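If you want the building blocks of each chain, they are given just below.
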Amino acid sequence: MAADPAPRLERRRFLKLVVAAPALAGLAAFASPLLRFLKPNVEKFKIYAPVTNDVARGEAVIAATLGEIPKPWDFKYFVFTQKYPQYTPEGFKAANMPGVVIRLPYKVRLPLQWARTIGKEPAFTESDVIVYSRICPHLGCIYNYVPNWREVTAGYGGYMPPDVRKHALMACPCHLSIYDPADRDVPGRVLSGPAPRPPRTFLFRIDGESIVVTDVEPGGIA
Amino acid sequence: MWERLRDWIRERREKLNLFDETLVARQDNPMFLLGPLLYYFWLITVITGVVLMIWYEPTTTGAFSSIERIQHEVPLGWLIRGLHKYAADGLILTIILRIYRMYFLGEYKKPGELSWMLGFLGLVLGMISGITGYLLIWNQRAFWAAKTVLSVPVYFDQIPIIGPMGFGSMIAYIFLGGPAVGQATITRFYALHFGISLVLLILIEVFFQRTRRKRINMSLAPAVLFLLMLVVISYILPAESGRRADPTRTPLPILSDWYFLALYQYVKYTPPLWAGLGPGLLIGFGMLVPFLDRSKGRRPLERPFFFVVGLMALLYFLAFTTLILFNIAVIEREPFLVMVLTLAVLSGALLWERRYRRRQRAAPPDIAPAARPHAAG
């Protein structure tokens with residue numbers, strides 16, 4: 001050790017380290033403001049839980065009346081307006097989320113378990129009316145309600161439904177995901193294509209004749 | 001450790017070939033014109049881009065109309081926009097061709113590692129610049145491409161452990177400027193689109209100033225010829241504007257710039273998490289190729305495995321692009337076929353590589369050099 005010229009270098013290295021540690025710590029202190037420059041709604045001094053303040057808020061709207069969808073497989077498109085946070089001087093953006101109300105030929109159990117996560121209780125759990133968000137749960141395109149299943153075999157990737165599913169389907173033009181709106185166990189079940197889950201659903205109640213949608217399952221990009 | 005890294009970089013920097021500027025002697029071969037051509041197209045894109053900024057308006061309400069005005073009313077607007085678009089296309093095409101040249105000629109081997117990595121990074125940045133650029137038109141294609149592309153990182157939230165913290169969504173929101181495509185998205189994409197090219201161009205100019213190299217080793221003839229070509233294309237095939245973005249209607253089929261089409265077909269085939277991880281791995285593989293390929297030779301047939309991988313990537317790119325152009329996708333059948341085919345070809349390539357190496361080892365060292373041309377032929 002004594003013959004080695006290394007000890008002098010060791011000291012220099014030690015001093016470098018002593019200087020480097022606070023310098024790096026000082027840089028780390030910029031992490032939060034830097035993140036907040038890019039994403040202003042992150043809380044101060046936090047880089048964890050970065051998307052908690054990005055929840056969109058919508059207002060209740062009458063999607064359809066029961067008289068508008070009297071027969072099985074009748075449907076009606078509607079739009080649900082939501083306010084999204086946006087990182088501009090205004091701070092928010094209103095965007096329309098398209099939805100579809102469908103009358104099914106039989107009652108299904110509504111997939112509304114998500115309602116508890118936003119602190120609401122579904123008005124009923126079984127119904128032959130179901131309301132889907134038309135934003136494809138895959139990559140956010142708007143999918144279509146296709147009353148005639150033959151159209152699905154032509155324009156949407158050649159999927160041929162089995163006999164029990166030869167009824168109206170829902171299909172997305174972007175990446176050809178196909179959903180069954182009337183599946184008894186999993187309403188909106190993915191029949192074909194890359195979608196990872198059934199479409200998101202709306203929470204709704206029935207006021208006399210009108211179907212009033214109040215909330216939509218959170219997630220995805222509008 | 002630091003010293004070794006510094007030496008490694010210094011050694012590569014001396015042989016750095018950003019635009020093939022050290023390969024001037026081989027310019028009679030058009031393959032080595034790709035480097036200077038790349039710089040030339042880039043310069044045209046940046047200059048015309050800055051000129052377009054005079055008339056372009058980066059707002060959701062004004063963007064599409066301002067593009068229409070540039071195209072139809074502003075004197076020579078069509079030319080500037082055409083040059084911008086087609087030079088950018090040319091830029092991407094040149095980068096791709098150049099990357100393939102570097103790949104098949106083994107130019108990424110020592111001391112070319114850094115050149116390869118920078119060239120590959122250039123392709124990635126060029127594609128990002130492309131996608132941020134065509135959102136600015138604010139037409140249907142742009143809107144839906146931005147939305148689908150930025151829905152991909154949201155799925156990173158499904159990755160175990162780090163996923164649930166929400167960093168995937170955060171990445172998407174930072175680029176979009178919120179959880180929806182809107183004004184903030186245009187503003188941010190505008191900044192990125194402009195920033196990527198200009199900042200890089202400045203850095204490269206500094207590099208060339210300090211190393212006193214020549215940037216464009218291209219004679220006047222090809223320079224004039226290619227510019228003329230761009231002008232003629234802009235006149236015959238004016239850059240399209242499509243339809244104004246409509247957030248309530250998804251176009252069928254949804255397409256994108258030509259260099260993204262293969263990726264779109266891939267996205268149809270895979271679960272959405274892999275739509276993000278797949279290209280990520282591909283980029284990672286591309287960047288690390290110089291370190292993964294430990295074979296000695298530079299000729300394609302002297303490293304069978306990597307030769308086959310490169311060939312397969314090229315074929316898939318062409319095949320997927322063709323499939324999406326004709327809107328063919330049988331989701332039930334094709335992903336399985338592609339997977340089996342890929343695995344079969346890769347294992348075949350591995351076997352070939354092993355056989356080749358064994359034969360190399362079996363050959364006595366003094367005969368090996370003579371045997372090599374035979375193996376390559």
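What this report covers is the structure whose coordinates are included nearby. (Residues numbered from 1 in each chain as written. Chains lettered and ligands numbered in written order. Predicted model: local features only at pLDDT ≥ 70, side-chain atom pairs only at ≥ 80, totals over all residues. Heavy atoms only, no water.)

Quick look at the overall build of chain B now. For chain B, the count of helices and strands is 14 helices and 0 strands. Reading the helices (α) and strands (β) of chain B from amino to carboxyl end gives α-α-α-α-α-α-α-α-α-α-α-α-α-α. Dimensions along the principal axes, computed over C-alpha positions, put chain B at roughly 75 × 55 × 45 Å. Looking at chain B as a whole, 49% of its 377 residues qualify as buried. Restricting to contacts in chain B with at least 6 residues of sequence separation, those with at least 24 account for 77%. If you sum the accessible surface of chain B, you get close to 19,800 Å²; carbon and sulfur atoms cover 71% of it. The positive charge centre, built from 39 side chains, and the negative charge centre, built from 24, are 5 Å apart in chain B. (Helix = DSSP H or I, 4+ residues; strand = E, 2+ residues; numbered from the N terminus. Buried < 20%, exposed > 50% of the residue type's maximum accessible area, 1.4 Å probe, protein only. Contact = heavy atoms within 4.5 Å. Areas by Shrake-Rupley, 256 points an atom, 1.4 Å probe, with all protein chains shown as cover. Lys, Arg positive; Asp, Glu negative; His and termini not counted. Charge placed at Lys NZ, Arg CZ, Asp CG, Glu CD.)

The next point concerns the interface of chain B and chain A. Every contact between the two is made by 43 residues of chain B and, on the other side, 38 residues of chain A. The contact between chain B and chain A buries some 3,400 Å² in all, and 68% of this surface belongs to carbon and sulfur atoms. Among the residues of chain B in contact with chain A, Lys 147, Tyr 173 and Pro 179 of chain B are the three that bury the most area, contributing 15% of the side total. Seen at the junction of chain B and chain A, the total is 0 salt bridges. Applying the counting rule to chain B against chain A returns 10 residue pairs in polar contact (both at pLDDT 80 or more). Those elements giving two or more residues to the side of chain B that touches chain A turn out to be α6 (140–151), α7 (167–176), α8 (183–211) and α10 (261–269) of chain B. A total of 7 residues in the side of chain B that touches chain A trace back to one element, the largest contributor, which is α7 of chain B. (Buried area = accessible area lost by both parts, 1.4 Å probe. Salt bridge = Lys/Arg side-chain N within 4 Å of Asp/Glu carboxyl O. Polar contact = N/O pair within 3.5 Å; in protein donor to acceptor, adjacent residues only side chain to side chain.)

To continue, consider the environment of Trp 352 of chain B. Take Trp 352 of chain B: it is sitting in helix α13 (residues 334–362). Once you skip the residues sitting within four places of it in the chain, Trp 352 of chain B turns out to touch Leu 301, Pro 304, Phe 307 and Val 308 of chain B.

Residue and element names in this part refer to chain A. Overall, the coordinates contain 27 salt bridges over all chains when judged by the stated rule. The partner of Arg 116 in a salt bridge is Glu 121, and the shortest N-O contact between them spans 3.0 Å. Each member of the pair, Arg 116 together with Glu 121, is exposed. One salt bridge connects Asp 183 with Arg 165, and the closest N-O pair in it is separated by 2.9 Å. Of this pair, Asp 183 sits in the loop between β8 (178–180) and β9 (189–192) while Arg 165 is found in the loop between α3 (149–155) and β7 (169–171), placing the two residues 18 residues apart along the sequence. Residues Asp 183 and Arg 165 agree in their burial class; the two are buried. Where salt bridges share partners, they join Arg 165, Asp 180, Asp 183 and Arg 189 into one cluster.

All names here are of chain A. Counted by the stated rule, this structure contains 1 disulfide over all chains. The disulfide that involves Cys 141 links it to Cys 174, with 2.0 Å between the sulfurs. On the sign convention where negative is left-handed, the bridge of Cys 141 and Cys 174, at about -95° about the S-S bond, is left-handed. Here Cys 141, found in the loop between β5 (126–133) and β6 (144–146), pairs with Cys 174, found in the loop between β7 and β8; they are 33 residues apart in sequence, far enough to count as distant. (Disulfide = S-S within 2.5 Å.)

The next thing to look at is the sheet that holds strand β2 (residues 61–65) of chain A. All names here are of chain A. If you trace the 3 strands from one edge of the open sheet to the other, you get β2-β11-β10, paired in antiparallel fashion. With partners counted over all chains shown, the strands left at the sheet margins are β2 and β10 (202–207), one partner each. In this sheet, neighbouring strand axes are inclined to one another by 35° on average, regardless of whether the strands run parallel or antiparallel. (Pairing = 2+ DSSP bridges. Axes fitted to C-alpha atoms, helices over the stretch in contact; angles between N-to-C directions.)

The subject of this paragraph is the packing of helix α3 (residues 63–72) of chain B against helix α4 (residues 77–104) of chain B. Residues and elements named next belong to chain B. Taken N-terminus to C-terminus, the directions of α3 and α4 make an angle of 110°; their axes are 5 Å apart at the nearest point. With respect to each other, α3 and α4 are oriented roughly perpendicular. Along its contact with α3, which presents Ile 67, Ile 70 and Gln 71, the element α4 presents Gly 77, Trp 78 and Arg 81. (Parallel < 35°, antiparallel > 145°, perpendicular 65-115°, else oblique.)

The next subject is the side chain of Thr 132 of chain B. Following the sequence through the fold, Thr 132 of chain B ends up in helix α5 (residues 113–135). Setting aside residues no more than four positions away along its own chain, Thr 132 of chain B makes contact with Phe 189, Leu 192 and His 193 of chain B.

With that out of the way, let us pick up the packing of α5 of chain B against α6 of chain B. All names here are of chain B. Orientation of α5 relative to α6, taken along the N-to-C sense of each, is 130°, at an axis distance of 8 Å. The angle between α5 and α6 falls in the class oblique. Viewed along their axes, α5 and α6 form a crossing whose handedness is left-handed. Only Arg 141, Ala 142, Phe 143, Ala 145, Ala 146 and Val 149 of α6 make contact with α5, whose side of the interface consists of Ile 131, Tyr 134 and Leu 135. For the contact of α5 with α6, the per-class residue count stands at 8 nonpolar, no polar and 1 charged. (Left-handed = near helix turned anticlockwise from the far one by under 90°. Nonpolar A, V, L, I, M, F, W, Y, C, P; charged D, E, K, R; others polar.)

All names here are of chain B. Given a rise of 1.5 Å per residue, 12 residues ought to cover 16 Å, and the 17 Å separating the end C-alpha atoms of α6 matches this to within 8%. The buried count for α6 comes to 10 of 12 residues, which makes it a mostly enclosed element. Along α6, the residues classified as buried are Gln 140, Ala 142, Phe 143, Trp 144, Ala 145, Ala 146, Lys 147, Thr 148, Leu 150 and Ser 151. For α6, the secondary structure elements touched by its buried residues are α5, α7, α8 and α10. (Expected span 1.5 Å × (residues − 1).)

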